Amino acid sequence: MSPGVRSLPFPEPYNWRCVCVGVHFVQFSYDIGLAVLSVAIAILAVFTGLVMTTRLRDVRRWDAAIRIGLAGLALGGGFCATDAIAITAITGPVELHYDPLIAGLAALIAVLFAITALAGVGFDLLGRYTLPGATLFLGSGLAATHHLGLAALQGDWQISLGWFGVASASLIAIETAGLALWFAFRKRGVLDTVLASVAVALAAASTHYLGMEAVRFLPSAGTVLAVQSSAPNWPVALMTAAVMYCLCSVSLLVFCALTFKPQIVVKIARPLRLQAHG
């Protein structure tokens, strides 16, 4: 161990990762159950967004606008929910708090950027430059959402970020955006949609978990380091997951109503027409 380097005497079972140079960097780990829940919510959100954009260019403009709005709400909200649940999964020797105003701003940015990008590609606003431009636009929004999520973390410490992790997380956010937009507007069946949902969700979750590899928590002067002060926040995580589940369920119901309403009307009108002519 080099001069000026000290490590914290944490018990082995917690397996926290950290290197300290001259000052203690606080290690952290994740609750595996909440980490899995964050990925599951991402898959549900992406699946909902992809279902909402199925054959989008073949429907009426008003119906397309409704579906784009709900798809953006699912994708943007799902990305932010994944980030939030992953943060509630953090365990470490300092207390963590989450600023709801900054978290709300992050969610708003994710949703607005997702809706705008989907609308741009769905209505082909920039011609052949639409998909690349929308990918960069949405990717920057997702990266901003992730970094705002980090800014929402509050506590008796400061955050130190490594440039490589920040750059890697931003690059993966752009790749996530490109995957989501490309899958959203290509012809696909049920299996393709499910596999695409898993692929995009894993990429979205990687944005957070890889980005967190760049994070180091530096305790402020006088901060008392406990063995495990920050425990997984299951109530907040479950509430976030429940909100996303309800949002996705309502979106899928609206999709069914918009898609199958004309068929239902035809089935009802046909016998009435035959009866009138008879």
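Quantities reported herein were computed from a predicted structural model and do not represent experimental measurements.

Some thoughts on the overall build of the protein chain
When helices and strands are tallied, the protein chain shows 7 helices and 6 strands. For the protein chain, the sequential pattern of α-helices and β-strands runs β-α-α-β-β-α-α-β-β-α-α-β-α. Among the 278 residues that make up the protein chain, the fraction classed as buried is 44%. If you sum the accessible surface of the protein chain, you get close to 14300 Å²; carbon and sulfur atoms cover 70% of it.

Digging into the packing of helix H1 (residues 32-52) against helix H2 (residues 61-88)
Helix-helix packing is described using two parameters, namely the angle between the two axes and the distance between the axes. For the pair H1 and H2, interaxial distance at closest approach is 8 Å and the crossing angle is 175°. Judged by the inter-axis angle, H1 sits roughly antiparallel to H2. Packed against H1, whose contacting residues are Leu34, Leu37, Ser38, Ile41, Ala42, Ala45, Val46, Thr48, Gly49, Val51 and Met52, the element H2 presents Arg67, Leu70, Ala71, Ala74, Leu75, Gly78, Ala81, Thr82, Ile85, Ala86 and Thr88 at the interface. For the contact of H1 with H2, the class distribution of residues is 15 nonpolar, 6 polar and 1 charged.

Section: the nonpolar core
Core analysis: the biggest nonpolar cluster contains 33 residues, and Val46, Leu50, Leu118, Leu138, Leu142, Leu181 and Phe185 have the highest contact counts within it. Listing elements by their share of this core, those giving two or more residues are H1, H2, helix H3 (100-122), helix H4 (130-151), helix H5 (163-184) and helix H6 (190-212). With residues near it in sequence (within four places) discarded, Leu142 still touches Phe79, Ala173, Thr176 and Ala177. Within the second largest apolar cluster, 11 residues are counted, among which are Leu34, Ile41, Ile85 and Cys248.

A short note on the environment of Thr259
With respect to the helices, strands and loops of the structure, Thr259 is situated in helix H7 (residues 234-277). We classify Thr259 as partly exposed; its relative accessible area is 27%. Along the backbone, Thr259 and Asp63 are 196 residues apart, and their C-alpha atoms lie at a distance of 9.1 Å. Within the structure, Thr259 has its side chain in polar contact with the backbone oxygen of Phe255 (distance 2.7 Å).

Observations regarding the confidence of the model for the protein chain
Chain-level statistics for the protein chain give a pLDDT mean of 82 and a share of 79% at 70 or above. Here strand S6 (residues 215-219) stands out as the element of the protein chain with the lowest mean pLDDT, 72, in contrast to H1, whose mean of 96 is the highest. The low-confidence segment residues 1-23, where pLDDT is below 50, has 42 contacts with residues more than four positions distant or belonging to other chains.

Focus on the packing of H2 against H6
Relative orientation of the contacting elements H2 and H6 amounts to 40°, with a least axis distance of 10 Å. By the angle between their axes, H2 is oblique relative to H6. Relative to H6, the crossing made by H2 is right-handed. Seen from H2, the contacting residues are Phe79, Thr82, Asp83, Ala86 and Ile87; seen from H6, they are Ala204, Ala205, Thr207, His208 and Tyr209. Of the residues that constitute the contact of H2 with H6, the class distribution is 6 nonpolar, 3 polar and 1 charged.

Observations regarding the pattern of salt bridges
Following the criterion strictly, the structure yields 1 salt bridge and no others. Here Arg60 makes a salt bridge to Asp63, at a shortest N to O gap of 3.1 Å. Look at Asp63 and you get buried, because its relative accessible area is 8%.

Section: a nonpolar patch on the surface
Taken together, the side chains of Val190, Val194, Val198 and Leu202 make up a nonpolar region of the molecular surface, amounting to roughly 320 Å² of accessible area. Turning to its location among the elements, Val190 is positioned in helix H6.

Details of the packing of aromatic side chains
Under the counting rule described, the total for this entry stands at 3 aromatic pairs. Both rings, one in Tyr30 and one in Tyr209, keep their centres 5.0 Å apart while their planes meet at 75°; by these two values the pair is edge-to-face. In this pair, Tyr30 is assigned in strand S1 (residues 29-30) and Tyr209 in helix H6, connecting sequence segments 179 residues apart. When the ring of Trp182 is compared with that of Phe183, the centres are 5.0 Å apart and the planes differ by 65°; the resulting orientation is edge-to-face. Lying over the aromatic face of Phe123, Arg61 brings its terminal NZ or CZ to 4.4 Å of the ring centre.

Observations regarding unusual backbone geometry
If you check the backbone angles, Arg55 has positive phi at about 50° while not being a glycine. Residue position: Arg55 is located in the loop between H1 and H2. Despite not being glycine, Asp124 shows a phi value in the positive range, around 50°. Mapping Asp124 onto the fold places it in the loop between H3 and H4. With a relative accessible area of 44%, Asp124 lands in the partly exposed category.

Reading the values: rules and limits
- Residues numbered from 1 in each chain as written.
- Predicted model: local features only at pLDDT ≥ 70, side-chain atom pairs only at ≥ 80, totals over all residues.
- Heavy atoms only, no water.
- Helix = DSSP H or I, 4+ residues; strand = E, 2+ residues; numbered from the N terminus.
- Buried < 20%, exposed > 50% of the residue type's maximum accessible area, 1.4 Å probe, protein only.
- Areas by Shrake-Rupley, 256 points an atom, 1.4 Å probe, with all protein chains shown as cover.
- Axes fitted to C-alpha atoms, helices over the stretch in contact; angles between N-to-C directions.
- Parallel < 35°, antiparallel > 145°, perpendicular 65-115°, else oblique.
- Contact = heavy atoms within 4.5 Å.
- Nonpolar A, V, L, I, M, F, W, Y, C, P; charged D, E, K, R; others polar.
- Core = buried A, V, L, I, M, F, W, Y, C linked by side-chain atoms within 4.5 Å.
- Polar contact = N/O pair within 3.5 Å; in protein donor to acceptor, adjacent residues only side chain to side chain.
- pLDDT = per-residue confidence, 0-100.
- Left-handed = near helix turned anticlockwise from the far one by under 90°.
- Salt bridge = Lys/Arg side-chain N within 4 Å of Asp/Glu carboxyl O.
- Patch = residues over 30% accessible without salt bridge, like charges linked within 9 Å, V, L, I, M, F, W, Y side chains within 5 Å.
- Phe/Tyr/Trp six-rings, centres within 6.5 Å; stacked < 30°, edge-to-face > 60°.
- Lys NZ or Arg CZ within 6 Å of the ring centre and 35° of its normal.

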